[in-house]
Amino acid sequence: MSPEPRCGRGAEIELTDKTRKIVGRGGGKLILLGEHAVVYGQPAVVAGLGKGVTAFALLGQEPTLELIDGSTGRSLARVRRGDDEPLARAFAAILETIAPDARVEVQATVDLPLGVGLGSSAAISAAVARALAKASGKADAFELVEAAVDAAEAVFHGTASGIDQAAALGGGLFIYRRTDGFPEETALHCRPITLLVCKAGKAAPTSEMVSSVAALNSRFPEHTRSIFESIGALAAAAPAALAAGEWDMLGELMNLNHGLLAALGVTTLELDHACHVARDAGALGAKLTGAGGGGCVYAVAPDNEEPVLKAWKERGWRTFRFELP
Ligand code: PMV
């Protein structure tokens, strides 16, 4: 057996056989409360999803990344390292961090809807980074994998809080706070509950939504600060509601949070509509999840799950169920 490769930039990739596939995985996420404010240091509550992305690394001629739709097997995108588009630049950032000289073809099978606020970009980055780390003999180099996912997320998100990376790499239900040093992550307890998710339109790129909030923040710093603090207080109140199964309380926190996200300008007609449809069908609360500008809403409706799902489906929206914890 060859000795353990040096752990650091430029180490030789271990793939020597075209038929050998190295696997890495990353999970999606659902932000329960606190998106956008989390970029400004406020706490946010997030749940890792069971679904996500599985990446296979294979020995190749030049570094390429292909995304495959997990439900249809169709190719969604194929990029080369030097291409000038976000997916290619994120892939280049991962390669640069983990294995700059790797001649590797990566296929990433995506079992999440893309670009709707369910953390698909971080799940892709985590899966690709883990596959590359394993392929280059650095499977245990967690910090390198984290650094690679951070670099890729900076391409997708601009100023990212790190919440998606934390969920993609670690999963679970937790409260997250960005700090100047290591982010704070505290695992949460939760009574069993089904969350209902609805995809109400295509989301805008996260980086655009984060930039639009940053622009608002630079024009109205006092006002946005109080919105961020209010959102943070809602997120900080959620762990007690989750642990006690106080779904009325959780619903109210969600409704308030959605209103504050509207004040930040990140909702859309469809997202607002999907929230109202859910509440009218008996949901205790509904809010957008993720960066907004389109994408997903989620609702909590312990006694009215079927009516809420039916009301969404009747309007042509795709729905999912998601069990917590
Ligand atoms: O990845 P998205 O679109 O779910 O958004 C992530 C959450 C934001 O707070 C909007 C950005 C961030 O990095 O925290």
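Residues numbered from 1 in each chain as written. Predicted model: local features only at pLDDT ≥ 70, side-chain atom pairs only at ≥ 80, totals over all residues. Heavy atoms only, no water.

Now for the overall build of the protein. Assigned secondary structure in the protein consists of 9 helices and 11 strands. Computed over the C-alpha atoms, the radius of gyration of the protein is 20 Å, within 12% of the 20 Å expected from 2.2 N^0.38 for a compact globule of 325 residues. Looking at the protein residue by residue over its 325 residues, the buried ones come to 56%. Expressed as a percentage of contacts within the protein between residues at least 6 apart in sequence, the contacts between residues at least 24 apart total 73%. Put simply, the protein has 31 plus and 38 minus side-chain charges, and the middle of one group is 4 Å from the middle of the other. (Helix = DSSP H or I, 4+ residues; strand = E, 2+ residues; numbered from the N terminus. Rg over C-alpha atoms; globule rule 2.2 N^0.38 Å. Buried < 20%, exposed > 50% of the residue type's maximum accessible area, 1.4 Å probe, protein only. Contact = heavy atoms within 4.5 Å. Lys, Arg positive; Asp, Glu negative; His and termini not counted. Charge placed at Lys NZ, Arg CZ, Asp CG, Glu CD.)

So, about helix H2 (residues 120–135). If you check H2, its first and last C-alpha atoms are 22 Å apart, about what 16 residues at 1.5 Å a residue would give, namely 22 Å. Counting buried residues in H2 gives 14 out of 16 residues, a clear majority hidden from the surface. Downstream of H2 by a residue or two, glycine 137 has a phi angle that is positive, lying close to 70 degrees. (Expected span 1.5 Å × (residues − 1).)

With respect to spatial proximity, 16 residues lie near the ligand, and among them Lys29, His36, Ser161, Asp164 and Thr206 are the closest. Histidine 157 is positioned with one of its side-chain polar atoms (N or O) 3.1 Å from an oxygen atom of the ligand. A distance of 3.3 Å separates an oxygen atom of the ligand from a polar backbone atom of alanine 291. Relative to its unbound accessible area of 380 Å², the ligand is 97% covered by the protein chains. Elements with a minimum of two residues in the shell around the ligand: strand E1 (22–33), helix H4 (163–170) and helix H5 (206–219). Here the residues of the shell around the ligand sort into 7 nonpolar, 6 polar and 3 charged. (Near = heavy atom within 4 Å. Polar contact = N/O pair within 3.5 Å; in protein donor to acceptor, adjacent residues only side chain to side chain. Areas by Shrake-Rupley, 256 points an atom, 1.4 Å probe, with all protein chains shown as cover. Nonpolar A, V, L, I, M, F, W, Y, C, P; charged D, E, K, R; others polar.)

Glancing now at the side chain of threonine 267. Within the secondary structure layout, threonine 267 lies in the loop between helix H7 (247–263) and helix H8 (269–280). Looking at threonine 267, the relative accessible area reads 17%, which means it is buried. In contact with threonine 267, not counting residues within four places along its chain, are His258, Leu261, Ala262, Asp272 and Leu288.

Next up on the list: the side chain of threonine 54. Note that threonine 54 resides in strand E2 (residues 44–59). Residues within four places of threonine 54 in sequence aside, it is in contact with Val23, Gly24, Arg25, Gln107, Ala108, Thr109 and Ala127.

This next bit is on the confidence of the model for the protein. Chain-level pLDDT for the protein is 91 on average; 94% of the residues reach the 70-or-more range. Across residues 1–13, confidence stays below pLDDT 50; counting only partners more than four residues off in sequence or on other chains, it has 24 contacts. (pLDDT = per-residue confidence, 0-100.)

With 12 residues, H8 extends 16 Å between its outermost C-alpha atoms, agreeing within 8% with the 16 Å of an ideal straight helix rising 1.5 Å per residue. Among the residues making up H8, those that are buried are Leu271, Ala274, Cys275, Val277 and Ala278. Down the axis of H8, the buried side of the element spans an arc of 160 degrees, and every buried residue falls inside it. Relative to its buried face, H8 has exposed residues pointing more than 90 degrees away, namely Leu269 and Asp280. (Arc of directions from axis to C-beta.)

Overall, the coordinates contain 1 aromatic pair when judged by the stated rule. Aromatic side chains tyrosine 40 and phenylalanine 228 sit 4.2 Å apart centroid to centroid with 10 degrees between the ring planes, which places their arrangement in the stacked category. With a gap of 188 residues between them, tyrosine 40 in the loop between E1 and E2 and phenylalanine 228 in helix H6 (residues 221–244) connect regions that are remote in the sequence. With a relative accessible area of 30%, tyrosine 40 lands in the partly exposed category. With relative accessibility at 4%, the residue phenylalanine 228 sits in the buried group. (Phe/Tyr/Trp six-rings, centres within 6.5 Å; stacked < 30°, edge-to-face > 60°.)

On to the sheet that holds strand E10 (residues 296–300), then. Here we have 4 strands laid out as an open sheet, ordered E9-E10-E8-E11, and antiparallel in their pairing. The two strands at the open ends of the sheet, each matched to only one other strand, are strand E9 (285–289) and strand E11 (318–324). Averaged over all adjacent pairs, the angle separating strand axes in this sheet is 25 degrees, with direction ignored. Pairing geometry for strand E8 (residues 193–199) and E10, over 5 bridges, is antiparallel. (Pairing = 2+ DSSP bridges. Axes fitted to C-alpha atoms, helices over the stretch in contact; angles between N-to-C directions.)

Another point: the pairing of strand E6 (residues 173–177). Within E6, 4 of the 5 residues are buried, which leaves the element mostly enclosed by the surrounding structure. Relative to E6, E2 runs antiparallel, the two being bridged by 4 bridges. The residue of E6 that forms the bridge with valine 46 is phenylalanine 174. Pairing of E6 with strand E7 (residues 184–187) involves 4 bridges; the strand directions are antiparallel. By the bridge assignment for E7, isoleucine 175 is matched with threonine 186. In sequence, E6 turns back onto E7 through a hairpin of 6 residues.

Going through the model one piece at a time under the given rule, you end up with 10 salt bridges. Across the salt bridge formed by aspartate 83 and arginine 80, the nearest N and O atoms sit 3.8 Å from each other. Among the residues examined, aspartate 83 registers a relative accessible area of 21% and is labelled partly exposed. Between arginine 225 and glutamate 222 there is a salt bridge, with the nearest N and O atoms lying 3.1 Å from each other. (Salt bridge = Lys/Arg side-chain N within 4 Å of Asp/Glu carboxyl O.)

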